[in-house]
Amino acid sequence: MGIIEKFRLNGKKAYVSGGARGIGKSIATALAEAGADVAIVDLDLVEAQKTAAEISERLGVKTLAIRTDVANPDDVNQMIEDILAGFGRIDIAFNNAGICINIPAAEMTLQQWQKVIDINLTGVFLTSQAAGKVMLRQGSGSIINTASMSAHIVNYPQPQASYNASKAGVVQLSKSLAIEWAKYGVRVNTISPGYIGTELTLQSPDLKPLIQQWESVSPLGRIGRPDELQAIAVYLAGDASPFTTGADFVVDGAFTAI
């Protein structure tokens, strides 16, 4: 198999949580462009349906739209059942759903803390576990979890202790799963994006001064684009990366190198 063919995902079955918009939509599009059928998993079913229809119409792959709260075990189990009913197997699990609440630690309530941990960390565990069980039976599969450069640094000036802690947990959780499942043919890796300008981020007036501050100290002088995460996702998803597991890929324009 030549190097170009190794990056093709023809016949692969994938899902992307948080896939209706932003980074998730960009990754789902990339997987579909490489040939995979893709399930768009999101809490917003209407937006997931729009994204699924758009990808299917443009690229000709099979898509599904599934409403799922990744912090709810019953929802996650139903998601897996729906994907298996539609696709028959799961080759690629891209666990991307997440939130951030910027509240000073001294003022954060337990409920606010728990909400971030439930979605960002417990949600990744539940989806990885559920997809992993399928892949263990298959004897193959690639799980890719969205962490963040916030797993490695403390962002400033925004106060986001819960987010930073959750993403550090995602990295270590993924490494742990990679070790447990390596001998069964199931790979687990993380992508840790830096500041990425999604449509919602760029349109938020509250974030505009923060974006200007981030760009002022970025070695590249700008924040990233969602499409700049596509190549690493496609690499990790298929036959181009059989020896890559337990790794964390920081894609941040050298922000954490400062």
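Rules used in this analysis
- Residues numbered from 1 in each chain as written.
- Predicted model: local features only at pLDDT ≥ 70, side-chain atom pairs only at ≥ 80, totals over all residues.
- Heavy atoms only, no water.
- Helix = DSSP H or I, 4+ residues; strand = E, 2+ residues; numbered from the N terminus.
- Buried < 20%, exposed > 50% of the residue type's maximum accessible area, 1.4 Å probe, protein only.
- Contact = heavy atoms within 4.5 Å.
- Areas by Shrake-Rupley, 256 points an atom, 1.4 Å probe, with all protein chains shown as cover.
- Lys, Arg positive; Asp, Glu negative; His and termini not counted.
- Charge placed at Lys NZ, Arg CZ, Asp CG, Glu CD.
- Polar contact = N/O pair within 3.5 Å; in protein donor to acceptor, adjacent residues only side chain to side chain.
- 1 Å grid on protein atoms, 1.4 Å probe; cavity = no way out; pocket = protein on both sides within 12 Å on 5 of 7 lines; lining within 4 Å.
- Points joined across faces, edges and corners; volume = space filled by probe spheres on them.

Chemist: I'm lost on the overall build of the protein chain in this one. Help?
Modeler: Helix and strand counts for the protein chain stand at 9 helices and 7 strands. When the backbone C-alpha atoms are referred to their principal axes, the protein chain occupies close to 45 × 40 × 40 Å. Buried residues in the protein chain amount to 50% of all 258 residues. Contacts in the protein chain between residues far apart in sequence, at least 24 positions, make up 73% of those at least 6 positions apart. Accessible area of the protein chain: about 11,900 Å², with a carbon and sulfur share of 54%. Side chains of the protein chain give 21 positive and 25 negative charges; the mean places of these two sets differ by 5 Å.

Chemist: Is there a simple way to think about the environment of Arg187 in this case?
Modeler: If you trace the backbone, Arg187 turns up in strand S6 (residues 186–193). Along the chain, Arg187 and Leu207 lie 20 residues apart, while their C-alpha atoms are 36 Å from each other. Leaving out residues up to four positions away in the same chain, Arg187 has contacts with Gly141, Ser142, Ile143, Leu236, Ala237, Gly238, Ser241, Pro242, Thr244 and Thr245. At a separation of 3.0 Å, a polar atom in the side chain of Arg187 contacts the main-chain carbonyl oxygen of Leu236. Among the polar contacts listed, one links the side chain of Arg187 to the backbone oxygen of Gly238, at a separation of 3.2 Å.

Chemist: Teacher, can you tell me more about the environment of Asn10 here?
Modeler: With respect to the helices and strands, Asn10 occurs in the loop between helix H1 (3–6) and strand S1 (13–17). On a C-alpha basis, the gap between Asn10 and Lys50 in space is 23 Å, while along the polypeptide they are 40 residues apart. Once residues within four sequence positions are removed from consideration, Asn10 is found in contact with Ala34 and Gly35. At a separation of 2.9 Å, a polar atom in the side chain of Asn10 contacts the side chain of Arg8.

Chemist: Please explain the layout of surface pockets as it appears in this structure.
Modeler: Think of a ball as big as a water molecule: rolled over the atoms, this probe shows where empty space is left. Quantified by volume, the largest pocket comes out at close to 1,300 Å³. Along the walls of the largest pocket sit 42 residues, with Gly98, Ile99, Cys100, Tyr163 and Thr201 positioned nearest its centre. Secondary-structure elements contributing two or more residues to the lining of the largest pocket are helix H2 (22–33), strand S2 (37–42), helix H6 (161–181), helix H7 (199–203) and helix H8 (208–217).

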